[in-house]
Amino acid sequence: MTADGDLAGRCALVTGAGQGVGRGLALALADAGAEVLVNDVRVDRAEDVVAQVRDKGGRGRSVPFDVTDHEEVATAIAAAGPVDILINNAGNAGAGPFTVGRAFHDTGPADWEPFLRVNLYGVMHCTHAVLPAMIERQWGRVITIVSDAGRTGDRNSAVYATAKAGAAGFIRSIAMEGGRHGITANNIALGTMRTPLTEALWDEPDSPRAKAILQNYVIRRPGTPDDVAALALLLAGDQGSWITGQTIPVNGGYSFAL
Ligand SMILES: NC(=O)c1ccc[n+]([C@@H]2O[C@H](COP(=O)([O-])OP(=O)(O)OC[C@H]3O[C@@H](n4cnc5c(N)ncnc54)[C@H](O)[C@@H]3O)[C@@H](O)[C@H]2O)c1
């Protein structure tokens with residue numbers, strides 16, 4: 001496992017890092033010695049996290065942009081300087097409460113667009129912007145946060161699941177292109193987490209909905225950002241240099257079979 005300071009001298013960009021999983025990853029990377037570029041479309045959230053990084057003695061900068069806007073992403077990343085470690089975390093699971101979706105036949109193209117734009121195009125935009133400097137430096141790490149939904153499918157979230165599956169496939173291709181340049185690219189596939197996105201669900205842990213979800217987990221609790229950070233640090237450091245093209249679940253042993 002990564003010891004404190006292993007990422008000293010590295011610059012890590014975490015998208016959607018203003019709260020939840022991304023915030024946890026930004027703090028963990030800073031603890032490991034990286035300078036962290038904290039991205040969020042919500043500037044206030046990103047600045048709060050930068051303040052938390054600095055309070056702990058780490059180095060961080062707020063780099064606000066909307067991952068769905070290719071031009072904005074390219075300009076902001078060019079201005080920020082070379083990125084060694086990209087964590088594609090910004091995601092959109094739905095406009096309403098996390099767990100309430102709609103059957104695909106009740107949706108239309110206008111409903112699909114936001115999911116594809118953030119979860120798939122966002123990953124492509126950010127990866128496209130960081131790769132040239134990684135290739136020049138012959139070192140890079142691209143880590144994308146995907147979902148069990150992309151692996152297993154998800155009822156009432158078909159387009160979210162599609163976007164996450166697409167992102168995972170994209171990253172496997174980037175691993176193939178990046179290998180000869182010292183770049184690894186992997187996905188971390190999450191099960192249900194406890195973050196602001198899902199807080200409403202876990203506020204009532206004994207509700208039928210929460211119980212129904214947890215019964216599919218060998219470890220009967222939602223995941224936390226810290227559960228993700230340990231693997232992300234392994235993949236981000238030099239010790240992860242022969243792990244690439246993988247989609248690794250961090251999901252409490254999620255299974256349909258339980
Ligand atoms: N929470 C879960 O149960 C769960 C499960 C599986 C996968 N995931 C994935 O994990 C990642 C993080 O999830 P979370 O629960 O921490 O989410 P969250 O909603 O709590 O936080 C996401 C952050 O991303 C930011 N963001 C959204 N759209 C953006 C954009 N276009 N550009 C820049 N920033 C943007 C938001 O402002 C927010 O601060 C997402 O990719 C999500 O799909 C989450």
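Our subject in this report is the structure included herewith. Please read all numbers here as calculations on a predicted model, not as lab measurements. (Residues numbered from 1 in each chain as written. Predicted model: local features only at pLDDT ≥ 70, side-chain atom pairs only at ≥ 80, totals over all residues. Heavy atoms only, no water.)

## Observations concerning the site of the ligand
Right, so step 1: Lining the immediate environment of the ligand, one finds 30 residues, of which Asp-40, Asn-89, Tyr-160, Met-193 and Thr-195 sit closest.
Right, so step 2: A distance of 2.8 Å is found between an oxygen atom of the ligand and a side-chain nitrogen or oxygen belonging to Lys-164.
Right, so step 3: Contacts to the ligand include Thr-195, whose side-chain N or O atom sits 2.6 Å from an oxygen atom.
Right, so step 4: Starting from 830 Å² of accessible surface for the ligand in isolation, the protein chains cover 93%.
Right, so step 5: Classifying every residue of the shell around the ligand gives 13 nonpolar, twelve polar and five charged. (Near = heavy atom within 4 Å. Polar contact = N/O pair within 3.5 Å; in protein donor to acceptor, adjacent residues only side chain to side chain. Areas by Shrake-Rupley, 256 points an atom, 1.4 Å probe, with all protein chains shown as cover. Nonpolar A, V, L, I, M, F, W, Y, C, P; charged D, E, K, R; others polar.)

## Points about the pattern of salt bridges
Right, so step 1: Counted according to the given criterion, the structure contains nine salt bridges.
Right, so step 2: Residue Arg-194 is joined to Glu-199 by a salt bridge in which the shortest nitrogen-to-oxygen separation is 2.8 Å.
Right, so step 3: For Arg-194, a relative accessible area of 36% puts it in the partly exposed group.
Right, so step 4: With relative accessibility at 27%, the residue Glu-199 sits in the partly exposed group. (Salt bridge = Lys/Arg side-chain N within 4 Å of Asp/Glu carboxyl O. Buried < 20%, exposed > 50% of the residue type's maximum accessible area, 1.4 Å probe, protein only.)

## Some thoughts on the sheet that holds strand β1 (residues 11–14)
Right, so step 1: Reading across the sheet, the seven strands line up as β3-β2-β1-β4-β5-β6-β7 and stay open at both edges, with parallel pairing between neighbours. Here the strands that pair on one side only, and so sit at the sheet edges, are β3 (59–62) and β7 (247–250). For this sheet the average axis-to-axis angle between neighbouring strands, irrespective of direction, equals 20 degrees.
Right, so step 2: Here four bridges tie β1 to strand β2 (residues 35–38), and the two strands are oriented parallel to one another. Residue pairing for β2: Val-14 is matched across the bridge by Val-38. (Pairing = 2+ DSSP bridges. Helix = DSSP H or I, 4+ residues; strand = E, 2+ residues; numbered from the N terminus. Axes fitted to C-alpha atoms, helices over the stretch in contact; angles between N-to-C directions.)

## So, the packing of aromatic side chains
Right, so step 1: With the rule as written, the count across this model stands at two aromatic pairs.
Right, so step 2: Seen from their ring centres, Phe-104 and Trp-112 are 5.0 Å apart, and the 20 degrees between their planes marks the pair as stacked.
Right, so step 3: Residue classification places Phe-104 among the partly exposed residues on the basis of a relative accessible area of 46%.
Right, so step 4: Judged by centre distance (5.1 Å) and plane angle (55 degrees), the rings of Tyr-217 and Tyr-254 are tilted. Of this pair, Tyr-217 sits in the loop between α8 (208–214) and α9 (225–236) while Tyr-254 sits in the segment after β7, placing them 37 residues apart in sequence. (Phe/Tyr/Trp six-rings, centres within 6.5 Å; stacked < 30°, edge-to-face > 60°.)

## Description of the nonpolar core
The tendency in soluble globular proteins is for nonpolar side chains to be buried as a group.
Right, so step 1: Formed by 35 residues in total, the largest nonpolar core has its most connected members in Leu-25, Leu-29, Ile-87 and Ile-188.
Right, so step 2: The set of elements that each furnish at least two residues to this core consists of β1, α1 (20–31), β2, α2 (43–55), β4 (85–88), β5 (140–147), β6 (183–190) and α9.
Right, so step 3: For Ile-188, the contacting residues outside a window of four places in its chain are Ile-143, Thr-144, Ile-145, Val-146, Val-228, Leu-231, Ala-232, Leu-235, Ile-248 and Val-250.
Right, so step 4: The next biggest cluster of nonpolar side chains, apart from the first, holds 31 residues, and it includes Ala-80, Ala-167, Ala-168 and Ala-189. (Core = buried A, V, L, I, M, F, W, Y, C linked by side-chain atoms within 4.5 Å. Contact = heavy atoms within 4.5 Å.)

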